[in-house]
Amino acid sequence: EDPSSSSSMQNSVAPELPGFYYDPEKNRYFRLLPGHNNHNPLTKDSIQHKAMECKRLRLLQEEEKQKKTTRAGLNSSVLLQKRQLGLLSSTSYCRLVHELKVNCMQRRKIEIHSPDSSVAGTNNFKIIVADVACERIFTVNDVEHGGCKYGIINLSGLGKESLTVEMYDNLYFTNRKVNSVCWASLTHPDSHLCLMGIAETPGCASLLPASLFSSTNPGDRPGMLCSFKISTAWSCAWCLNPQADNCFSTGLTRRVLVTNVVTGHRQTFGTSSDVLAQQFATQTPVLYNGCRSGEIFSIDVRQRNRKGQSWKATRFFHGSAVTSIHLMEAEHYLMAADMAGKIKLWDLRTAKCVKQYKGHHNEYALLPLHVNEEEGLLIAVGQDCYTRIWNLQDAHLLRTIPSPHPSSKDAIPSVVFSSRLGGSRGVPGLLMAVKQDLYHFSYN
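Residues numbered from 1 in each chain as written. Predicted model: local features only at pLDDT ≥ 70, side-chain atom pairs only at ≥ 80, totals over all residues. Heavy atoms only, no water.

**Comments concerning helix α4 (residues 90–103)**
With 14 residues, α4 extends 20 Å between its outermost C-alpha atoms, agreeing within 8% with the 20 Å of an ideal straight helix rising 1.5 Å per residue. Within α4, burial applies to Leu96, His98, Glu99, Leu100, Val102 and Asn103. The inward-facing, buried residues of α4 abut α3 (76–84), β26 (377–381), β27 (387–391) and β28 (397–401). (Helix = DSSP H or I, 4+ residues; strand = E, 2+ residues; numbered from the N terminus. Expected span 1.5 Å × (residues − 1). Buried < 20%, exposed > 50% of the residue type's maximum accessible area, 1.4 Å probe, protein only. Contact = heavy atoms within 4.5 Å.)

**A look at the side chain of Asn362**
If you trace the backbone, Asn362 turns up in the loop between β24 (352–357) and β25 (369–372). There is a polar contact of 3.3 Å between the side chain of Asn362 and the backbone nitrogen of Tyr364. Not counting residues up to four positions away in its chain, the partners in contact with Asn362 are Thr323, Asp338, Met339, Ala340, Gly341, Leu367 and Gln383. (Polar contact = N/O pair within 3.5 Å; in protein donor to acceptor, adjacent residues only side chain to side chain.)

**Observations concerning the packing of aromatic side chains**
Think of a pair of aromatic rings as described by two things: how far the centres are apart, and how the planes are tilted against each other in angle. Taken as a whole and judged by the stated rule, the model has four aromatic pairs. Judged by centre distance (6.5 Å) and plane angle (15 degrees), the ring pair of Trp238 and Phe248 falls under stacked. Within this pair, whereas Trp238 is found in strand β13 (residues 233–238), its partner Phe248 is found in strand β14 (residues 247–252), the two being separated by ten residues in sequence. Ring centres 4.5 Å apart and planes at 25 degrees place the aromatic pair Phe316 and Trp346 in the stacked group. Within this pair, whereas Phe316 is found in strand β20 (residues 312–317), its partner Trp346 is found in strand β23 (residues 343–347), the two being separated by 30 residues in sequence. Taking the relative accessible area as the measure of exposure, Trp346 reaches 7% and is therefore buried. Among the aromatic side chains, those forming a connected cluster through ring pairs are Phe228, Trp238 and Phe248. (Phe/Tyr/Trp six-rings, centres within 6.5 Å; stacked < 30°, edge-to-face > 60°.)

**Focus: the environment of Leu208**
By secondary structure assignment, the location of Leu208 is in strand β11 (residues 203–209). Separated by 15 residues in sequence, Leu208 and Leu193 place their C-alpha atoms 5.2 Å apart.

**Details of the nonpolar core**
In this structure, Met105, Leu377, Ile389 and Leu430 are the most contacted members of the largest nonpolar core, which totals 21 residues. Taken together, the elements giving at least two residues each to this core come down to β26, β28, β29 (414–421), β30 (427–434) and β31 (437–442). In contact with Leu430, not counting residues within four places along its chain, are Met105, Ile379, Thr387, Ile401, Val415, Val416, Phe417, Leu421, Tyr439, His440 and Phe441. Ile112, Cys134, Ile153 and Leu431 belong to the second-largest nonpolar core, a separate cluster that totals 17 residues. (Core = buried A, V, L, I, M, F, W, Y, C linked by side-chain atoms within 4.5 Å.)

**Some words on the environment of Pro368**
Residue position: Pro368 is located in the loop between β24 and β25. The class of Pro368 is partly exposed, set by a relative accessible area of 44%. Measuring from C-alpha to C-alpha, the distance between Pro368 and Gly382 comes to 9.4 Å, with 14 residues separating the pair along the chain. Excluding residues that lie within four positions of it along the chain, Pro368 makes contacts with Ser324 and Ala380.

**Brief notes about the pattern of salt bridges**
This model, assessed by the stated rule, comprises ten salt bridges. Residues Asp437 and Lys109 are paired through a salt bridge, measuring 3.3 Å at the closest nitrogen-oxygen approach. Placement of the pair is Asp437 in strand β31 and Lys109 in strand β3 (residues 106–109), with a sequence separation of 328 residues. The exposure class of Asp437 is buried, given its relative accessible area of 15%. The shortest N-O distance in the salt bridge between Asp347 and Arg349 comes to 3.1 Å. Accessibility expressed as a relative area gives 9% for Asp347, which makes it buried. (Salt bridge = Lys/Arg side-chain N within 4 Å of Asp/Glu carboxyl O.)

**A look at the pairing of β27**
With five of five residues buried, β27 is to be regarded as a mostly interior element. Where burial is concerned, the two faces of β27 agree: the one with Thr387, Ile389 and Asn391 and the one with Arg388 and Trp390 are both buried. As judged from the five bridges shared by β26 and β27, these two strands associate in the antiparallel manner. Bridging from a neighbouring strand, Leu378 pairs with Trp390 of β27. (Pairing = 2+ DSSP bridges.)

**Notes on the environment of Val129**
As for its placement among the helices and strands, Val129 is situated in strand β5 (residues 125–130). Setting aside residues no more than four positions away along its own chain, Val129 makes contact with Arg136, Ile137, Phe138, Val181 and Trp183.

**Focus: unusual backbone geometry**
Even without glycine at this site, Asn246 takes up a positive phi of about 60 degrees. Its location among the elements puts Asn246 in the loop between β13 and β14. The phi dihedral of Glu331 is positive, around 65 degrees, even though this residue is not glycine. Relative to the assigned elements, Glu331 resides in the loop between β21 (322–327) and β22 (333–338). Judged by its relative accessible area of 14%, Glu331 is buried.

**Remarks on the state of the cysteines**
Under the counting rule described, the total for this entry stands at zero disulfides. No disulfide involves Cys204; its sulfur sits 8.9 Å from the nearest other cysteine sulfur, which is in Cys226. For Cys204, a relative accessible area of 8% puts it in the buried group. (Disulfide = S-S within 2.5 Å.)

**As for the sheet that holds β25**
Strand order across the open sheet formed by four strands is β25-β26-β27-β28, with antiparallel pairing between neighbours. Since the sheet does not close on itself, it has two edges, and those belong to β25 and β28, each with one partner. Averaged over all adjacent pairs, the angle separating strand axes in this sheet is 15 degrees, with direction ignored. Two strands pair when backbone bridges link them, and β25 and β26 are joined in this way by four bridges, in the antiparallel orientation. Paired with Asn372 across the bridge in β26 is Leu377. (Axes fitted to C-alpha atoms, helices over the stretch in contact; angles between N-to-C directions.)

Everything listed here is a matter of coordinates, which is why it stays silent on function.
If you want it as structure tokens, here you go:
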């Protein structure tokens, strides 16, 4: 062994001493005392936060330098040459082009206009959820005096040079916080919204018409279609399968509730754990569920729940609480993320994990996955406030985007990615909502 290499290794990684921390800049140890106080402001939390903030600022500087690619030798001219020589299939070429585009995305702040000027830009974004066509974004914003404010942002303004969007609020629904939101297609595609709210006790499930947030005909708006009291709700999903028409599911504490909003019929399935994530299949009337226990299972909603009979179909387990699931288009694979920061792709036919996406960070938060199979991309925001993008096929981490704001529990970004932001003629890219700001990462 080379003695010089071992000595340099010791210098680069200083051993950890109980009650002390090592400052690499000053090359010495400092004593740590418990607690935050004026005499000794140094704690492990403050030191860790300072290190994270230095890393974030360094990454922001690298973003401004427009780092082009994460793979050696990957550029547009080489890709085109290989394609013309027949060395790349059209599918591989398209995937690599999307990879290049992801690494060239630049951040621009969006100006938000609202009919009520006193409302715009005063509350922190908590959740943003796009409809299927990505024409509108439903927003949940924290309100200073408690509860949440709901609104809809029209993305049609993204196609212009000056990035502006219109935000419409409905101030009648501000009394409760929201755990989960999904768009619902009842009278026409994405006509309603399912909200899983937390009241004092118990919670509340609501189905609101999206037209409540329209700027036209304010005096002639339909009321809430469906609302009922429930125990604490963690997740919700709308069914687009004709065999279970007009149904939505609610993931509750130790049970699943499937409700037909037209007939009012409800079906309850007991579980051994809280249901934190849900999604319906479209080819079959099957509901997939992810639990706090780490279990993922499916339910055929056509069957009746009878005592003594097992109604769970597919079953497999994560090592930690499952926070998000996404059923792939062909419905043979399911992507799942958990509170240990693991993101896994499961083969539903064999109930085995076939791929892992590394780098995600989560310890306790309910953080969603965003999968775009058309572009071959997986996007997830970590509890460390970094937005990470992976290649869907080979699980390669393509890009890590730092938050424009210092990381904190109340500043975890919420994102939407689409190749058509603003509708069929929209612009591709990533939307990021963090604090009171909305950003667009142009994908061109």
